[in-house]
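Working through the structure, step by step
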Amino acid sequence: MLHILALFNSVVFDYIVRLKMAGLDLTQTIIKQIPIPDTKSFEKELVYMGEKATIEKHINSRIRMLYASNQRLDNLFADVSI
């Protein structure tokens, strides 16, 4: 769920979707045309802002920071490896 949240809230996803949309509605046909990263690519480690971790952990930590003030999501992030 967090991967989908990160993808759908990315600037790149928004740009690609806007290029493909002919109208105002985002349909399932358009979403199926959008390239989605392979789940194995999230296991790759990289250094970002001086911190070495997997791409998945970097994404999860950024999402956690974005939603830190939303206490309704505390239980969600309690189960997430960061």
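To keep things clear, this report deals only with the structure shown in the data block.

Helix and strand counts for the protein chain stand at 5 helices and 2 strands. For the protein chain, the succession of helices and strands along the chain, N to C, is α-α-α-β-β-α-α. The C-alpha radius of gyration computed for the protein chain amounts to 15 Å, which surpasses the reference 12 Å derived for 82 residues by more than 25%, pointing to a less compact arrangement than a globule. Evaluated residue by residue, the protein chain yields a buried proportion of 18% over its 82 residues. Measuring between centres, the 10 positive side-chain charges of the protein chain sit 4 Å from its 9 negative side-chain charges.

It is worth spelling out helix α4 (residues 55–66) at this point. Taking 1.5 Å of rise per residue, the 12 residues of α4 would be expected to cover 16 Å, and the 17 Å separating its terminal C-alpha atoms lies within 8% of that figure. Here α4 has its buried residues at His-58, Asn-60, Ser-61 and Ile-63.

One pass over the full model with this rule turns up 2 salt bridges. With a closest N to O distance of 2.8 Å, Asp-14 and Arg-18 form a salt bridge. Of this pair, Asp-14 and Arg-18 both sit in helix α2 (residues 11–20), separated by 4 residues, roughly a single helical turn. What makes Asp-14 partly exposed here is its relative accessible area of 33%. Judged by relative accessible area, which is 59%, Arg-18 ranks as exposed. In this structure, Lys-52 and Glu-45 form a salt bridge, with 3.7 Å as the shortest nitrogen-oxygen distance.

Cut-offs used in this document
All residue numbers here refer to positions counted from 1 along the written sequence of the relevant chain. The predicted origin of the model limits local features to residues at a pLDDT of at least 70 and limits the giving and counting of side-chain atom pairs to 80 or more, whereas totals for whole chains, interfaces and linings rest on all residues. Think of the side-chain values as coming from all heavy atoms in the structure, minus any hydrogens and water. Only DSSP runs of H or I covering at least 4 residues are called helices, and only runs of E covering at least 2 are called strands; the numbering of each starts at the N terminus. Atoms counted for the radius of gyration: C-alpha only. Globule rule: 2.2 Å times residue count to the power 0.38. Categorising residues by exposure relies on relative accessible area from a 1.4 Å probe, with only protein chains included: less than 20% of the type maximum marks a residue as buried, more than 50% marks it as exposed, and the intermediate range marks it as partly exposed. All tallies of charge rest on Lys and Arg as positive and Asp and Glu as negative; His and the ends of each chain are not included. Charge coordinates come from a single atom per side chain, which is NZ of Lys, CZ of Arg, CG of Asp or CD of Glu. What a helix should span is 1.5 Å times the count of its residues minus one. The rule for a salt bridge is simple: a side-chain nitrogen of Lys or Arg has to be within 4 Å of a carboxyl oxygen of Asp or Glu.

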